[in-house]
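# Examination of the molecular architecture
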Amino acid sequence: ITCNKCIPVCPNAANFSIPGGKQEVAAVRFRYQEGDFVPEEQGVFCLEQDHQIANLADFCNECGDCDTYCPEHGGPYIEKPRFFSGEKTWRQFADYDGFYFADPFCLKGRINGQEYLLAVNPISKVYLFQDGRVEFLFEEDHRFISGIETGEISEGAVIDMQAYYTMRALLDGMLSAPENYPVVLLRGAH
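Let us look at the structure shown here. Everything numeric in this text was worked out from a predicted model, so none of it was measured. (Residues numbered from 1 in each chain as written. Predicted model: local features only at pLDDT ≥ 70, side-chain atom pairs only at ≥ 80, totals over all residues. Heavy atoms only, no water.)

## Quick notes on empty space enclosed by the protein
Stated precisely, the cut-off is as follows: Points on a 1 Å grid over protein atoms alone make up a cavity when a 1.4 Å probe fits among them but cannot get out, and a pocket when they form an open set with protein on both sides within 12 Å along at least five of seven lines; lining residues each have an atom within 4 Å of a point. Grid points are joined across faces, edges and corners, and a volume is the space filled by probe spheres set on the points. Three classes are used: nonpolar for Ala, Val, Leu, Ile, Met, Phe, Trp, Tyr, Cys and Pro, charged for Asp, Glu, Lys and Arg, and polar for all others, with Gly counted as polar.
Taken as a whole and assessed by the stated rule, the structure comprises 2 cavities of 30 Å³ or more. Lining the second largest cavity are 13 residues, with Cys 10, Cys 60, Asn 61, Cys 63 and Cys 66 sitting closest to its centre. Of the residues in the lining of the second largest cavity, the class split is 6 nonpolar, 5 polar and 2 charged.

## So, the side chain of Arg 168
Definition in use: Helix and strand assignments come from DSSP, with helices taken as H or I runs of at least 4 residues and strands as E runs of at least 2, each series counted from the N terminus. Under the rule applied, a polar contact is a pair of N or O atoms within 3.5 Å (in protein, one hydrogen donor and one hydrogen acceptor; residues adjacent in sequence only if both atoms are side-chain atoms). The criterion used for residue contact is that any of the two residues' heavy atoms lie within 4.5 Å.
Its location among the elements puts Arg 168 in helix H5 (residues 162-175). Within the local environment of Arg 168, its side chain forms a polar contact with the side chain of Tyr 127, the two groups lying 3.5 Å apart. Not counting residues within four places of it along the chain, the set of residues in contact with Arg 168 comprises Leu 118, Tyr 127, Glu 139, Glu 140 and His 142.

## Some thoughts on the pattern of salt bridges
Rules: Throughout this description, the term salt bridge denotes a Lys or Arg side-chain nitrogen within 4 Å of a carboxyl oxygen of Asp or Glu. Partly exposed residues are those whose accessible area sits between 20% and 50% of the maximum for their type, while under 20% is buried and over 50% is exposed, using a 1.4 Å probe and protein chains only.
In total, this model carries 8 salt bridges according to the counting rule given. The salt bridge partner of Arg 91 is Glu 115, with a shortest N-O separation of 2.8 Å. Taken together, the residues Arg 91 in helix H4 (residues 87-92) and Glu 115 in strand E8 (residues 114-120) connect sequence positions 24 residues apart. A salt bridge links Asp 172 to Arg 168; its shortest N-O distance comes to 2.7 Å. Of this pair, Asp 172 and Arg 168 are both found in helix H5, 4 residues apart, which corresponds to roughly one turn of the helix. When its relative accessible area of 25% is taken as the criterion, Asp 172 is described as partly exposed. Classification of Arg 168 as buried rests on a relative accessible area of 4%. Put simply, Arg 29, Arg 31 and Glu 40 are held in one network by salt bridges that share partners.

## With respect to the layout of surface pockets
For the largest pocket, the calculated volume is near 480 Å³. Contributing to the lining of the largest pocket are 25 residues, with Glu 79, Lys 80, Pro 81, Thr 166 and Leu 170 lying nearest its centre. Within the residue set of the lining of the largest pocket, elements represented by two or more residues are strand E1 (15-19), strand E3 (36-47), strand E4 (51-56), helix H3 (76-79), strand E6 (98-103), strand E7 (106-111) and H5. Top contributing element to the lining of the largest pocket by residue count: H5, with 5 residues. By volume, the second largest pocket is sized at about 160 Å³. Ile 111, Asn 112, Gln 114, Tyr 116, Asp 131, Arg 133, Val 158, Asp 160, Gln 162, Ala 163 and Thr 166 are the residues that line the second largest pocket. Contributing elements (two or more residues each) for the lining of the second largest pocket: E8 and H5.

## Considerations on the state of the cysteines
Heads up, the condition is: Note on terminology: pairs of cysteine sulfur atoms within 2.5 Å are recorded as disulfides.
A full pass over the atoms with the stated rule returns 0 disulfides. With no disulfide of its own, Cys 63 lies closest to Cys 10 among cysteine sulfurs, the gap being 6.1 Å. With no disulfide of its own, Cys 70 lies 6.1 Å from the sulfur of Cys 3, the closest cysteine sulfur. Residue classification places Cys 70 among the buried residues on the basis of a relative accessible area of 17%.

## Considering the environment of Glu 140
Turning to its location among the elements, Glu 140 is positioned in the loop between strand E10 (134-138) and strand E11 (144-149). According to the relative accessible area criterion, Glu 140 is partly exposed, its value standing at 46%. Distance in space between the C-alpha atoms of Glu 140 and Val 126 is 6.0 Å, their sequence separation being 14 residues. Setting aside residues up to four positions removed in sequence, Glu 140 forms contacts with Lys 125, Tyr 127 and Arg 168.

## Remarks on the packing of aromatic side chains
Convention followed: Paired rings are identified among Phe, Tyr and Trp, the last through its six-membered ring, by centres lying within 6.5 Å, and are further divided according to the angle between planes into stacked (under 30 degrees), edge-to-face (over 60) and tilted (the rest).
Applying the stated criterion across every chain, the model contains 18 aromatic pairs. Judged by centre distance (4.7 Å) and plane angle (40°), the rings of Phe 30 and Phe 144 are tilted. Taken as a pair, Phe 30 in strand E2 (residues 23-33) and Phe 144 in strand E11 lie far apart in primary sequence, 114 residues in all. On the accessibility criterion, Phe 30 (0% relative accessible area) is buried. Exposure remark for Phe 144: the relative accessible area of 32% places this residue in the partly exposed category. By the ring-pair criterion, three or more aromatic residues cluster together here, those being Phe 30, Tyr 32, Phe 37, Phe 45, Tyr 116, Phe 129, Phe 136, Phe 138, Phe 144, Tyr 164 and Tyr 165.

Right, dumping it as structure tokens:
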């Protein structure tokens, strides 16, 4: 839900909105076979709201005020994406999932304890995704360009791409609003 009730009630202005638009993307995963990455259908990645709520983890004191006003279970400071100001605080809170900008076009993240990287070349619009075992390149429209092994992968292993689609929605949303205060703060853009 993205009702925005949590944004004005936060005493530290830690909650914010990421524009992204409604999306429906045919998702794929990859199976590693004989040195190639073979795409397989993985369903649909869907965003049903025009924007998503996120949290500036460095500003949040976990007071729970946003949870009091949230009509869902699990407060925004727990359930929504957490963004850290940099690698230092992201590493300091290693038990939390969350994201930080390594540079203005490179988002690093931890989802379910696994670390990922998603970067975009702002000129060519080619996206680089890394999960510790593989490095993939994608076109702006999600078409697969190429992939290489960067770690050990067993024959027949499946590379789930849910993290890519999640991070892609967050990165693209942040890049679409370069003037928003949280975006300027997190990306270090001027």
